[in-house]
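Structural characterization, general
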Amino acid sequence: LHLLSRRQRQMCIRDSYIGAGAVAAGGIFSLIKALPLIIRTFAQAVRGYGKNMEEESRTAQDIPIRVVLVGILITAIVMWLIPVIPVNLPGAILIVVLGFFFATVSSRMVGLVGSSNNPVSGMAIATLIITAAIYKSSGASAEGMVSSIAVGTIICIIAAMAGDTSQDLKTGYIVGATPKKQQYGELISVVVSSMAIGGILYLLNAAWGYGSSELPAPQATLMKMVVEGVMGGNLPWNLVFAGVALAVAAEILTIPVLPFAVGLYLPIHLSTVSYTHLTLP
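This structure is a prediction, so every number in the text was calculated from the model and none was measured.

**Let's talk about the overall build of the protein**
In terms of helices and strands, the protein carries nine helices and zero strands. Secondary structure elements in the protein, listed N-terminal to C-terminal, are α-α-α-α-α-α-α-α-α. Taking all 281 residues of the protein together, the buried fraction comes to 33%. Taking all contacts inside the protein whose residues are at least 6 apart in sequence as the whole, residues at least 24 apart take part in 72%. Carbon and sulfur atoms provide 69% of the accessible area of the protein, an area that totals close to 16800 Å².

Okay, structure coming up:
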């Protein structure tokens, strides 16, 4: 954003608000359509609770549902209790609820369009709007802003990982891999990569500082603007609801809503091929 003119920055931010509203509405429509499949899958997992996984086909073995539920509970408690993570108990609950929602949306989006068009930023902005509005209604101010950014950041990571994991499991299904082993491998890679990337981000901040000319962090600046807009009461809700209205109109016209919402949010050059620099022989 720092390389663009003032008018171009304003247009990018405007389109982000409209796209975020469309992505949020499209995600709700997608989740409603996917609810029967989600319920069936969860019911099958519950029915399989306590069964011997060795009796199942190797290519149908997943991490037991009790391990998943316990892992979610432990993660939520850890986020709540560790002081360095600015998330309180309501924030941890929001992460679990919104994480389930946007993980489902992300996985479906990757299956429909592809991982390159996964609207992670749009889902993060929608999360920020929802979380900041909840914190504002509860009377939180500065602390609520920090917690909203933390919740939005974690949801952003959840959405990105959900899309990546779906692609990995699809590839594993094609080649005949064991899903359970893939899932444990994903968990190990998350721990290793978070330590490596977290260290790099810490060093970058120590060297230059986020928000400086050397490290402008435009996406983080946009997230900050969204939270401040909600908390300060000056968020352009008309743009957000315009995106929602466009998503509703697309649903009425039987246009696939999520791909349409992604097209609203993402810049056009990410979805097209530029031939500007190609020359004929």
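Picking up after the structure, the text goes on.
**What to know about the packing of helix α5 (residues 142-175) against helix α6 (residues 179-207)**
Contact geometry for α5 and α6: axes closest at 10 Å, N-to-C directions at 145°. Judged by the twist between their axes, the crossing of α5 over α6 is right-handed. Residues M161, D164, T165, D168, L169 and G172 of α5 pack against P179, Q182, Q183, E186 and V190 of α6. Partitioned by chemical class, the residues of the contact of α5 with α6 number four nonpolar, four polar and three charged.

**Observations regarding the nonpolar core**
Residues V87, I95, F102, M123 and I155 are the most contacted members of the largest nonpolar core, which totals 27 residues. Elements with a contribution of two residues or more to this core: α1 (6-47), α2 (65-81), α3 (89-112), α4 (120-137), α5 and α9 (257-265). Counting residues per element, this core draws most heavily on α3, which supplies eight residues. The residues touching M123, leaving out its near neighbours within four places in the chain, are V23, F102, V105, S106, N118 and A159.

**Details of unusual backbone geometry**
Located in the positive-phi region is T254, a residue other than glycine, with phi close to 60°. With respect to the secondary-structure elements, T254 resides in the loop between α8 (237-252) and α9.

**Brief notes about the confidence of the model for the protein**
Confidence in the prediction for the protein averages 78 pLDDT; 78% of positions are at 70 or higher. The element-level mean pLDDT for the protein is lowest in α1, coming to 69, with α6 highest at 91. Low pLDDT, under 50, characterises residues 273-281; the predicted model gives this stretch zero contacts beyond four residues in sequence or across chains.

**Some remarks on the environment of I72**
With respect to the helices and strands, the residue I72 is situated in helix α2. For the pair I72 and V96, spaced 24 residues apart in sequence, the C-alpha to C-alpha distance is 7.5 Å.

**Topic: α5**
The end-to-end C-alpha distance of α5, which contains 34 residues, comes to 50 Å, matching closely the 50 Å that a straight helix rising 1.5 Å per residue would cover. All buried positions along α5 are accounted for by G144, S147, S148, A150, V151, G152, I154, I155, A159, A162, G163 and G172. Phi turns positive one or two residues past the end of α5, at G176, with a value near 85°.

**A look at α8**
For α8, with 16 residues, the first-to-last C-alpha span of 22 Å sits near the 22 Å given by 1.5 Å per residue. Considered for burial, the residues of α8 that qualify are L239, V240, G243, A247 and A250. The buried residues of α8 occupy one face: seen down the axis, they fall within an arc of 110°. When the buried face of α8 is taken as reference, the exposed residues oriented beyond 90 degrees from it are N238, F241 and I252. Trailing α8 by a residue or two, T254 shows a phi angle of about 60°, which is positive.

**Focus on a nonpolar patch on the surface**
The grouping of V68, L69, I72, L73, I77, W80, L81, L89, I93, V96 and V97 at the surface amounts to a nonpolar patch, some 940 Å² of accessible area in total. Topologically, V97 is positioned in helix α3.

**Quick look at the environment of V226**
Inspection of the secondary structure puts V226 in helix α7 (residues 218-232). When its relative accessible area of 0% is taken as the criterion, V226 is described as buried. Between the C-alpha atom of V226 and that of I129, which follows or precedes it by 97 residues, the distance is 6.9 Å.

**Re the packing of aromatic side chains**
Following the criterion strictly, the structure yields two aromatic pairs and no others. When the ring of F101 is compared with that of F102, the centres are 4.6 Å apart and the planes differ by 70°; the resulting orientation is edge-to-face. The same class applies to F101 as to F102, namely buried.

Thresholds applied
- Residues numbered from 1 in each chain as written.
- Predicted model: local features only at pLDDT ≥ 70, side-chain atom pairs only at ≥ 80, totals over all residues.
- Heavy atoms only, no water.
- Helix = DSSP H or I, 4+ residues; strand = E, 2+ residues; numbered from the N terminus.
- Buried < 20%, exposed > 50% of the residue type's maximum accessible area, 1.4 Å probe, protein only.
- Contact = heavy atoms within 4.5 Å.
- Areas by Shrake-Rupley, 256 points an atom, 1.4 Å probe, with all protein chains shown as cover.
- Axes fitted to C-alpha atoms, helices over the stretch in contact; angles between N-to-C directions.
- Left-handed = near helix turned anticlockwise from the far one by under 90°.
- Nonpolar A, V, L, I, M, F, W, Y, C, P; charged D, E, K, R; others polar.
- Core = buried A, V, L, I, M, F, W, Y, C linked by side-chain atoms within 4.5 Å.
- pLDDT = per-residue confidence, 0-100.
- Expected span 1.5 Å × (residues − 1).
- Arc of directions from axis to C-beta.
- Patch = residues over 30% accessible without salt bridge, like charges linked within 9 Å, V, L, I, M, F, W, Y side chains within 5 Å.
- Salt bridge = Lys/Arg side-chain N within 4 Å of Asp/Glu carboxyl O.
- Phe/Tyr/Trp six-rings, centres within 6.5 Å; stacked < 30°, edge-to-face > 60°.

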